[in-house]
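Below, each chain spelled out in residue letters.
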Amino acid sequence: GESVGLHLPTLSVQEGDNSIINCAYSNSASDYFIWYKQESGKGPQFIIDIRSNMDKRQGQRVTVLLNKTVKHLSLQIAATQPGDSAVYFCADKTGNQFYFGTGTSLTVIP
Amino acid sequence: DTAVSQTPKYLVTQMGNDKSIKCEQNLGHDTMYWYKQDSKKFLKIMFSYNNKELIINETVPNRFSPKSPDKAHLNLHINSLELGDSAVYFCASSETVNYGYTFGSGTRLTVV
């Protein structure tokens, strides 16, 4: 199956700082990418997506960057808040299936 | 209104039992999924149905049998439960296979 990996399994940041969560994917044919946030006891929630014909997409306080050359995806969270503490997953789509990474646990220190 | 709802939220059962988890989505989506999340938070797809037709069937023991009576429902039946089946099971749906998922809140299955 596909391998979608994350460089850092855990990340701690101070409240108000910016957070960057990284993700590597292995299939150059992947054409769609999504970041999900999973809070404790809940299911993953869609945060932001990007298609392979783009290299950057911005949402509210979040930005996703896609570097297809090195097959790398990142999620930037501006002015990180305590409510951002969660596990973050990247997922890439190849064919009709999404493949999820192993997750990065983000802890925001007040 | 809950978009993707699954029941029960918690399920504790003994080895060898048979159990079912139900899932319903009210989003009008065509595609539904079952994922298994292990203790390390890894999400692995088990099954996918598109308009009641099975489209993805990953390497899952045949003790696991999905059933989709209509496109709004995808239930998961598990026979002869084993300790290794303990995990959180997530149901999800998407508009089509080309769009992101809406997940349910999960069913934590504990086999003792």
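See the structure shown above.
Residues numbered from 1 in each chain as written. Chains lettered and ligands numbered in written order. Predicted model: local features only at pLDDT ≥ 70, side-chain atom pairs only at ≥ 80, totals over all residues. Heavy atoms only, no water.

**Q** For the state of the cysteines, give the residues involved together with the corresponding values.
**A** The full count for this structure, using the stated rule, is two disulfides over all chains. A disulfide bridge connects Cys23 of chain A with Cys90 of chain A, and the sulfur atoms are separated by 1.7 Å. The chirality of the disulfide connecting Cys23 of chain A with Cys90 of chain A is right-handed, given an S-S dihedral of about 45°. Of this pair, Cys23 of chain A sits in strand E3 (residues 19-25) while Cys90 of chain A is found in strand E9 (residues 86-94), placing the two residues 67 residues apart along the sequence. What pairs with Cys23 of chain B in a disulfide is Cys91 of chain B, and their sulfur atoms sit 1.8 Å apart. With the S-S dihedral at roughly -80°, the linkage between Cys23 of chain B and Cys91 of chain B falls on the left-handed side. Here Cys91 of chain B lies in strand E9 (residues 87-94) and Cys23 of chain B lies in strand E3 (residues 19-25), a separation of 68 residues in the sequence. Both residues of the pair, Cys23 of chain B and Cys91 of chain B, count as buried. (Disulfide = S-S within 2.5 Å. Helix = DSSP H or I, 4+ residues; strand = E, 2+ residues; numbered from the N terminus. Buried < 20%, exposed > 50% of the residue type's maximum accessible area, 1.4 Å probe, protein only.)

**Q** Before we move on, can you summarise the layout of surface pockets with the specific residues and values?
**A** Its volume calculated, the largest pocket comes out at about 320 Å³. Along the walls of the largest pocket sit 21 residues, with Gly41 of chain A together with Gln37, Lys41, Val88 and Arg108 of chain B positioned nearest its centre. Elements supplying a minimum of two residues to the lining of the largest pocket: E9 and strand E11 (107-111) of chain B. Among the elements that take part in the lining of the largest pocket, E11 of chain B stands out by supplying four residues, more than any other. Split by residue class, the lining of the largest pocket holds five nonpolar, 10 polar and six charged. (1 Å grid on protein atoms, 1.4 Å probe; cavity = no way out; pocket = protein on both sides within 12 Å on 5 of 7 lines; lining within 4 Å. Points joined across faces, edges and corners; volume = space filled by probe spheres on them. Nonpolar A, V, L, I, M, F, W, Y, C, P; charged D, E, K, R; others polar.)

**Q** Pulling in residues and values, what's your account of the interface of chain A and chain B?
**A** Each partner contributes residues to the interface: chain A has 19 residues there, and chain B has 20 residues. Interface of chain A and chain B: buried area, both sides summed, is about 1,600 Å²; carbon and sulfur atoms make up 56% of it. Per-residue buried area on chain A facing chain B is highest for Asn96, Gln97 and Phe100 of chain A; these three make up 33% of the total on that side. At the junction of chain A with chain B, the criterion picks out zero salt bridges. Linking chain A with chain B are three residue pairs in polar contact (both at pLDDT 80 or more), by the criterion used here. When residues of the side of chain A that touches chain B are traced back to their parent elements, those giving at least two are strand E4 (32-38), strand E5 (45-51), E9 and strand E10 (97-100) of chain A. By residue number, the principal contributor to the side of chain A that touches chain B is E4 of chain A, which donates four residues. Looking at side-chain class alone, the side of chain A that touches chain B contains eight nonpolar, eight polar and three charged residues. (Contact = heavy atoms within 4.5 Å. Buried area = accessible area lost by both parts, 1.4 Å probe. Salt bridge = Lys/Arg side-chain N within 4 Å of Asp/Glu carboxyl O. Polar contact = N/O pair within 3.5 Å; in protein donor to acceptor, adjacent residues only side chain to side chain.)

**Q** Please set out the pairing of strand E11 (residues 104-109) of chain A residue by residue, giving values where relevant.
**A** Residues and elements named next belong to chain A. Here E11 shows a buried face lined by Thr104, Leu106 and Val108 and an unburied face lined by Ser105, Thr107 and Ile109. Two elements, strand E2 (residues 10-14) and E11, share five bridges in a ladder whose sense is parallel. Bridging from a neighbouring strand, Ser12 pairs with Thr107 of E11. As paired elements, E9 and E11 share three bridges and run antiparallel to each other. Its bridge partner lying in E11, Val87 is registered against Ser105. (Pairing = 2+ DSSP bridges.)

**Q** Before we move on, can you summarise the environment of Pro44 of chain A with the specific residues and values?
**A** Here Pro44 of chain A is to be found in the loop between E4 and E5. Take Pro44 of chain A: its relative accessible area is 3%, and that puts it in the buried class. With 64 residues separating them in the primary sequence, Pro44 of chain A and Val108 of chain A have C-alpha atoms 18 Å apart. Apart from residues lying up to four places away in sequence, Pro44 of chain A is in contact with Tyr36, Lys37 and Gln38 of chain A together with Leu43, Phe90 and Phe103 of chain B.

**Q** Can you tell me about the packing of aromatic side chains, naming the residues and giving the values?
**A** Any two aromatic rings considered together are summarised by their centre-to-centre distance and by the angle between their planes. Counted by the stated rule, this structure contains 17 aromatic pairs over all chains. With a centroid separation of 6.5 Å and an interplanar angle of 80°, the aromatic rings of Phe89 of chain A and Phe100 of chain A are classed as edge-to-face. Here Phe89 of chain A, found in strand E9, pairs with Phe100 of chain A, found in strand E10; they are 11 residues apart in sequence, far enough to count as distant. Here the two residues Phe89 of chain A and Phe100 of chain A agree in accessibility, since each one is buried. Where Tyr35 of chain B meets Tyr101 of chain B, the ring centres are 5.8 Å apart and the plane angle is 50°; that geometry is what we call tilted. One end of the pair, Tyr35 of chain B, is in strand E4 (residues 31-37); the other, Tyr101 of chain B, is in the loop between E9 and strand E10 (102-103), and 66 residues separate them in sequence. Across the pair, Tyr101 of chain B and Tyr35 of chain B agree in class, each one buried. One aromatic cluster in this structure is built from Tyr32, Tyr36, Phe46, Phe89, Phe98 and Phe100 of chain A together with Tyr33, Tyr35, Phe90, Tyr101 and Phe103 of chain B. Of note, Arg51 of chain A hangs over the ring of Tyr32 of chain A, and the distance from its end group to the ring centre comes to 3.8 Å. It is Arg51 of chain A that lies over the ring of Tyr99 of chain B; its NZ or CZ is 5.7 Å from the centre. (Phe/Tyr/Trp six-rings, centres within 6.5 Å; stacked < 30°, edge-to-face > 60°. Lys NZ or Arg CZ within 6 Å of the ring centre and 35° of its normal.)

Purely spatial values, then, with no claim about function.
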